[in-house]
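Spelled out from the first residue to the last, the chains are:
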Amino acid sequence: MAQFDVYSNPRRTTQKIFPYLVDIQNPVIEHLATRIVIPLGMLDRFKHQTLKGLAPEIDYKGVKYILLVPQLASIPAKSLKNPIGSLSHLRDEIIASLDFAITGI
């Protein structure tokens, strides 16, 4: 599992609103049975309201999503099957959003 890989949301109850999960966990702690993830929500389901600095808009496969940092979660690693993409090119924006959530800066 690589940091910033994108996975299909394994939970059928939330897939329509949050179709993807972004694995943000550093490989240094990959031995844990869980992974830290951030859901990607369909931007149109959130009335196109992004929270500047906290929940950035992400274009993934030509569709607009919102990276829902406030909904950061831990899920069993075995729930994440095969990565379907990567947001590693957005590393700086993702880390900046996490920093903002923690430090307010």
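For the structure itself, consult the block above.
Structure report, in brief. (Residues numbered from 1 in each chain as written. Predicted model: local features only at pLDDT ≥ 70, side-chain atom pairs only at ≥ 80, totals over all residues. Heavy atoms only, no water.)

Observations concerning a nonpolar patch on the surface
On the surface, a cluster of nonpolar side chains totalling about 250 Å² of accessible area is made up of V28, I29 and L32. Along the chain, the position of I29 falls in the loop between β2 (20-23) and β3 (34-42). (Patch = residues over 30% accessible without salt bridge, like charges linked within 9 Å, V, L, I, M, F, W, Y side chains within 5 Å. Areas by Shrake-Rupley, 256 points an atom, 1.4 Å probe, with all protein chains shown as cover. Salt bridge = Lys/Arg side-chain N within 4 Å of Asp/Glu carboxyl O. Helix = DSSP H or I, 4+ residues; strand = E, 2+ residues; numbered from the N terminus.)

Focus on the pattern of salt bridges
With the rule as written, the count across this model stands at 4 salt bridges. Residues R35 and D23 are paired through a salt bridge, measuring 2.8 Å at the closest nitrogen-oxygen approach. Note that R35 is positioned in strand β3 and D23 in strand β2, a separation of 12 residues in sequence. Note on R35: relative accessible area 1%, which makes it buried. (Buried < 20%, exposed > 50% of the residue type's maximum accessible area, 1.4 Å probe, protein only.)

Things to note about the nonpolar core
Soluble globular proteins: nonpolar side chains tend toward being buried together. Formed by 17 residues in total, the largest nonpolar core has its most connected members in L40, L67, L87 and I94. If you list the elements that add at least two residues to this core, you get β2, β3, β4 (57-60), β5 (63-67) and α1 (91-103). Setting aside its immediate chain neighbours within four residues, L67 contacts V22, I38, P39, L40, L54, A55, P56, I58 and I94. (Core = buried A, V, L, I, M, F, W, Y, C linked by side-chain atoms within 4.5 Å. Contact = heavy atoms within 4.5 Å.)

Focus: the packing of aromatic side chains
Here the structure, examined in full by the defined rule, presents 2 aromatic pairs. Measuring from centroid to centroid gives 5.6 Å for Y20 and Y65, while their planes differ by 75°, and the two rings are edge-to-face. Placement of Y20 in strand β2 and of Y65 in strand β5 is noted, with a sequence separation of 45 residues between them. Each member of the pair, Y20 as well as Y65, carries the same accessibility label: buried. In textbook terms, an aromatic cluster arises when at least three aromatic residues are bridged by ring pairs, as seen for Y20, Y60 and Y65. (Phe/Tyr/Trp six-rings, centres within 6.5 Å; stacked < 30°, edge-to-face > 60°.)

Some words on the environment of I17
Position of I17 relative to the elements: it lies in the loop between β1 (5-8) and β2. As for I17 and D44, which are separated by 27 residues in sequence, their C-alpha atoms are 9.4 Å apart. Filtering out sequence-adjacent residues up to four positions away, I17 remains in contact with L40, G41, M42, R45 and F46.

Concerning the pairing of β3
Summarising the sheet, β2 and β3 pair through 4 bridges and their orientation is antiparallel. Counted as the bridge partner of D23 is V37 from β3. (Pairing = 2+ DSSP bridges.)

Brief notes about α1
Counted at 1.5 Å a residue, the expected span for α1 with its 13 residues is 18 Å, and the 18 Å between its end C-alpha atoms agrees. By the burial criterion, the buried members of α1 are I94, S97 and L98. For α1, the angular spread of the buried residues around the axis is 95°, confining them to a single face. As for α1, its buried residues are in contact with β3 and β5. The first or second residue beyond α1 is G104, which carries a positive phi of 80°. (Expected span 1.5 Å × (residues − 1). Arc of directions from axis to C-beta.)

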